[in-house]
Amino acid sequence: MQMAQVFELVREDLQKVDAECRRNIASEGGLIAHVGEYIILSGGKRIRPMLLLLCARLCGYQGERQIPIGTVLEFIHTATLLHDDVIDQATQRRGNPSAHTIWGSTASVLVGDFLFAKAFHLMVQDGDLRILNILSEMTTRIARGEIHELVKSYDVTLGEEEYLEIIRDKTACLFSAACQIGGVLGGVSPERVDALAGLGMRLGMAFQLVDDTLDYTPAGEGFGKDPGTDLREGKVTLPLIYTLQKCTAEERERIASIIGGEEEIQPGGFQATQEIITKWGGVDYTMEQARRYVEEAKGLLALLPPAPERDALLAVADYIVERKA
């Protein structure tokens, strides 16, 4: 199954999620409507709501609760993007100017706060304590992961296991919650709910690892991400972590001076780091780990019944590791 077929499978419900997002934002008017619409409706594949919709249908759910819950997932994700761009002083998001470069950092942070609050309002309206627990735990983990990443900025001693813990919290847990809630909506056994949670966690890990590689490859430009962005923001990601473990002492010192600010991270500094990462296979190693997570996710899908939705989830898994091509 191709991704175009996946979108067609859930097209109607994805359109409902988009409409619900738009309705909740437009009703507020003013700055909230302007900033919210700009970031939420500016693109993106809606992968998190898509995973929710596919997992719910795979588990036999036929109601409408997935629409507001999909909106919750998109609002939480968007809130983190608004906050991240302010923290990182990122100038681009999905190929467009980031919101804080247009409306300012204060407005971006406050609209992000509103989206978090609105998401919790919608959660409470759903009324299912199991889902509320999943989503509240997830938002706590996201905040913890963001703080952990901030503390480790520019830290070239960051190890692989600690880095994986960071992205498990700040990125993968949202994928996991989306899939897990699909199982809860479908009323499947706890074992299948756990399998779906594990599926989403692995897809989220793979998604972030592929994103990490885009910082050191020209493919990143096609995703609205300039190569070198992570390096300039002091983010020590897996391609760099692996390289620092393998490279010579001289190369390690050079990278440390570049990311530590002793050298201005201009094209020369980034190019030097990129060459060292390429030499030691940092991008290749990261992609290997992403593919391993995807294969584990596919193994969990084998525990679920054959259905078009399962085929669609397999296609999403493949898309995650192929999306830089």
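Because the structure is a prediction, the values reported are computed rather than measured.

## Structural notes on the nonpolar core
Here is step 1 of the chain: Grouped together as the largest cluster of nonpolar side chains are 101 residues, with contacts concentrated most on Leu-51, Leu-199 and Leu-240.
Here is step 2 of the chain: Considering each element in turn, this core owes the most residues, 14 residues, to helix 8 (residues 160–186).
Here is step 3 of the chain: Ignoring sequence-local partners within four residues, the contact set of Leu-240 consists of Tyr-216, Leu-231, Ile-255, Ile-259, Thr-273 and Ile-277.

## A word on the packing of helix 3 (residues 47–58) against helix 9 (residues 190–214)
Here is step 1 of the chain: The N-to-C vectors of helix 3 and helix 9 enclose an angle of 155 degrees; their axes lie 12 Å apart at closest approach. Comparing the axis directions of helix 3 and helix 9 gives the class roughly antiparallel. The element helix 3 and its partner helix 9 pack so that their crossing is right-handed. Facing helix 3, whose interface residues are Ile-47, Arg-48, Leu-51 and Cys-55, helix 9 presents Leu-196, Leu-199, Leu-203 and Phe-207.
Here is step 2 of the chain: For the contact of helix 3 with helix 9, a count of residues per class yields seven nonpolar, no polar and one charged.

## Quick word on the state of the cysteines
Here is step 1 of the chain: For the structure shown, the criterion picks out zero disulfides.
Here is step 2 of the chain: Note on Cys-21: no disulfide assigned, nearest cysteine sulfur contributed by Cys-179 at a separation of 18 Å.
Here is step 3 of the chain: Given a relative accessible area of 0%, Cys-21 falls into the buried group.
Here is step 4 of the chain: Between Cys-173, a free cysteine, and Cys-179, which holds the nearest cysteine sulfur, the sulfur-to-sulfur gap is 12 Å.

Reading guide: rules and limits
- Residues numbered from 1 in each chain as written.
- Predicted model: local features only at pLDDT ≥ 70, side-chain atom pairs only at ≥ 80, totals over all residues.
- Heavy atoms only, no water.
- Core = buried A, V, L, I, M, F, W, Y, C linked by side-chain atoms within 4.5 Å.
- Buried < 20%, exposed > 50% of the residue type's maximum accessible area, 1.4 Å probe, protein only.
- Helix = DSSP H or I, 4+ residues; strand = E, 2+ residues; numbered from the N terminus.
- Contact = heavy atoms within 4.5 Å.
- Axes fitted to C-alpha atoms, helices over the stretch in contact; angles between N-to-C directions.
- Parallel < 35°, antiparallel > 145°, perpendicular 65-115°, else oblique.
- Left-handed = near helix turned anticlockwise from the far one by under 90°.
- Nonpolar A, V, L, I, M, F, W, Y, C, P; charged D, E, K, R; others polar.
- Disulfide = S-S within 2.5 Å.

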